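# Descriptive structure summary
Letter by letter, the chains look like this.
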Amino acid sequence: MVTRGNVFDPNCPTRVILDRIGDKWTVLAVLLLRDGPLRFTELRDGIGRVAPKVLTQTLRRMERDGLVTREVFAEIPPRVVYTLTPLGSSLIAPISVLSDWAEIHMPAITTAQSQYDAAL
């Protein structure tokens, strides 16, 4: 029987999962893939300012974790498409809430940062 993890247990794999889903590249990939499958270049261009190597590593980890599938089409040049799995799709709602929160509260956060830095 599978038991629920405990994020406060330093030995629990839940912490690795939180690290993965808290990674900005994973978050941005999930947000882009929520509307459907995308090619690598579409993901890279949509995310912006991500090195191809970093995006490749992120997508491989997401595939290993069961969050995305990678489908290779035997074409010239080869076409690779990434799609959220049902498990990956289950992240859309919580990640969307956090993304919305970040966008809404960004001005307050940057103001607080400036005030903190000015007081140093």
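You'll find the structure just up there.
To start, this report covers the structure provided alongside it. (Residues numbered from 1 in each chain as written. Predicted model: local features only at pLDDT ≥ 70, side-chain atom pairs only at ≥ 80, totals over all residues. Heavy atoms only, no water.)

On to the sheet that holds strand 1 (residues 38–39), then. A sheet is described by the order of its strands in space; here three strands give the open sequence 1-3-2, paired in antiparallel fashion. The two strands at the open ends of the sheet, each matched to only one other strand, are strand 1 and strand 2 (68–73). Where strand 2 meets strand 3 (residues 79–84), six bridges bridge the pair, whose relative direction is antiparallel. Opposite Val68, over in strand 3, you have Leu84 as the bridge partner. (Pairing = 2+ DSSP bridges. Helix = DSSP H or I, 4+ residues; strand = E, 2+ residues; numbered from the N terminus.)

Let's shift gears to the environment of Asp65. Within the element layout of this structure, Asp65 appears in the loop between helix 4 (52–64) and strand 2. Once the C-alpha coordinates of Asp65 and Asp23 are considered, the two residues, 42 residues apart in sequence, prove to be 14 Å apart. In this structure Asp65 touches Arg20 and Leu87, once residues within four positions along its chain are discounted. Within the structure, Asp65 has its side chain in polar contact with the side chain of Arg20 (distance 2.5 Å). (Contact = heavy atoms within 4.5 Å. Polar contact = N/O pair within 3.5 Å; in protein donor to acceptor, adjacent residues only side chain to side chain.)

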